[in-house]
Amino acid sequence: MSFRIRATSGSLIGARENNEDAHRTRAPSYIVADGMGGHPCGDVASELVVSVLSHAQPRCRTSMRQAFHQVPLEMQKAVRHGRGSRLMGSTGTMLYFDVQKGFVLMGHVGDSRAYVMGQNGPLEQLSRDHTVFAELTRQGVDVSRIHPVHGACLSQSISPKSTHDDEYNPQILARTLCAGDTYLLCSDGVHGQVEFYELERLITCGITGTQLAKRAVENSERSDNATAIIIRVEAA
């Protein structure tokens, strides 16, 4: 069985001075990257993540992992040529669809997210957040005393230094495609402002990526950059 993909996307600056999110919506690759706030050249970092990953053609988990390990090397080259900063960093979440063979590959680093919802629900988060709070929670540590600002710090990011970081371990997974599935890629400016149950309801109602990004920005007076890609899988 073969499939076709229909995707919509939107990216809004929110209340920030610059939009440090970057994204790609061109089959077969769909990517969201969010430049790290508080670090220089976040926009350059996210653009590099999208640029490098968009040239990859990962056909298996191994090649997806190789693509994510190539990004820090390209960041190092960019810094040597005067673009960006050695302190820059970004998240990166990618879905690669093979509609002929009927599977999707995910590669992920950071706190942008990938979700999937089957034709009859429920919504499921595919990506694991790489934050201090999430990592400690997975280890069974009581996080009630951790300050929210510290807990939100990334435990992994894509940066020029990632090649020397033993903690750099992109999450890779593969999933079989089913007609009626809907995938969502978004930056934390979306999932941080729109509750999980609301995301599920909005996807069921057929919301577009632009509409979802707008909803996230409207939910907060101090909104972050908000980027969303909604990908619907149909039988060909």
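Now for a quick tour of the structure. (Residues numbered from 1 in each chain as written. Predicted model: local features only at pLDDT ≥ 70, side-chain atom pairs only at ≥ 80, totals over all residues. Heavy atoms only, no water.)

1. Digging into the sheet that holds strand S3 (residues 29-34)
Reasoning step 1: Pairing is antiparallel across the open sheet formed by five strands, whose spatial order is S2-S3-S4-S5-S8. Bordering the open sheet on either side are strand S2 (21-26) and strand S8 (171-176), each of which pairs with just one other strand. Across the sheet, the mean angle from the axis of one strand to that of its neighbour is 10°, orientation sign disregarded.
Reasoning step 2: Of the strand pairs in this sheet, S3 and strand S4 (residues 92-98) are connected by four bridges, and their pairing is antiparallel. Across the sheet, Ser29 pairs through a bridge with Tyr96, a residue of S4.
Reasoning step 3: Packed on one face of the sheet, helix H2 (residues 61-80) meets S4, strand S5 (103-109) and S8 and runs near 30° to S5. (Pairing = 2+ DSSP bridges. Helix = DSSP H or I, 4+ residues; strand = E, 2+ residues; numbered from the N terminus. Axes fitted to C-alpha atoms, helices over the stretch in contact; angles between N-to-C directions. Contact = heavy atoms within 4.5 Å.)

2. Here we look at unusual backbone geometry
Reasoning step 1: With omega at 10°, the peptide bond leading from Ala27 into Pro28 counts as cis.
Reasoning step 2: Among the secondary structure elements, Pro28 is positioned in the loop between S2 and S3.
Reasoning step 3: Here the amide bond leading from Gly121 into Pro122 is cis, since omega sits at -5°, within 30 degrees of zero.
Reasoning step 4: Following the sequence through the fold, Pro122 ends up in the loop between strand S6 (113-117) and strand S7 (123-125).

3. Observations regarding the packing of aromatic side chains
Reasoning step 1: In this structure the tally under the stated criterion is three aromatic pairs.
Reasoning step 2: When the ring of Tyr115 is compared with that of Phe196, the centres are 6.1 Å apart and the planes differ by 55°; the resulting orientation is tilted. Taken as a pair, Tyr115 in strand S6 and Phe196 in helix H6 (residues 196-204) lie far apart in primary sequence, 81 residues in all.
Reasoning step 3: The exposure class of Phe196 is partly exposed, given its relative accessible area of 38%.
Reasoning step 4: In this structure an aromatic cluster arises from ring pairing among Tyr30, Phe97 and Tyr183. (Phe/Tyr/Trp six-rings, centres within 6.5 Å; stacked < 30°, edge-to-face > 60°. Buried < 20%, exposed > 50% of the residue type's maximum accessible area, 1.4 Å probe, protein only.)

4. Considerations on the environment of Val44
Reasoning step 1: Here Val44 shows up in helix H1 (residues 42-54).
Reasoning step 2: Along the sequence, Val44 and Glu20 sit 24 residues apart, while their C-alpha atoms lie 7.9 Å from each other.
Reasoning step 3: Not counting residues up to four positions away in its chain, the partners in contact with Val44 are Arg83, Gly84 and Met88.

5. Observations regarding the pattern of salt bridges
Reasoning step 1: Taken as a whole and assessed by the stated rule, the structure comprises eleven salt bridges.
Reasoning step 2: Arg6 is paired through a salt bridge with Glu234; the nearest N and O atoms lie 2.8 Å apart. Remark: Glu234 occurs in strand S10 (residues 226-235) and Arg6 occurs in strand S1 (residues 3-12); sequence separation between them is 228 residues.
Reasoning step 3: According to the relative accessible area criterion, Arg6 is partly exposed, its value standing at 47%.
Reasoning step 4: Exposure remark for Glu234: the relative accessible area of 25% places this residue in the partly exposed category.
Reasoning step 5: Of the charged contacts in the structure, one is a salt bridge between Lys77 and Glu74, with a shortest N-O distance of 3.4 Å. Taken together, the residues span about one helical turn, with Lys77 and Glu74 both in helix H2 at a distance of three residues.
Reasoning step 6: The exposure class of Lys77 is partly exposed, given its relative accessible area of 37%.
Reasoning step 7: Look at Glu74 and you get partly exposed, because its relative accessible area is 24%.
Reasoning step 8: Counted as one network, the salt bridges with shared partners bring together Arg4, Arg6 and Glu234. (Salt bridge = Lys/Arg side-chain N within 4 Å of Asp/Glu carboxyl O.)

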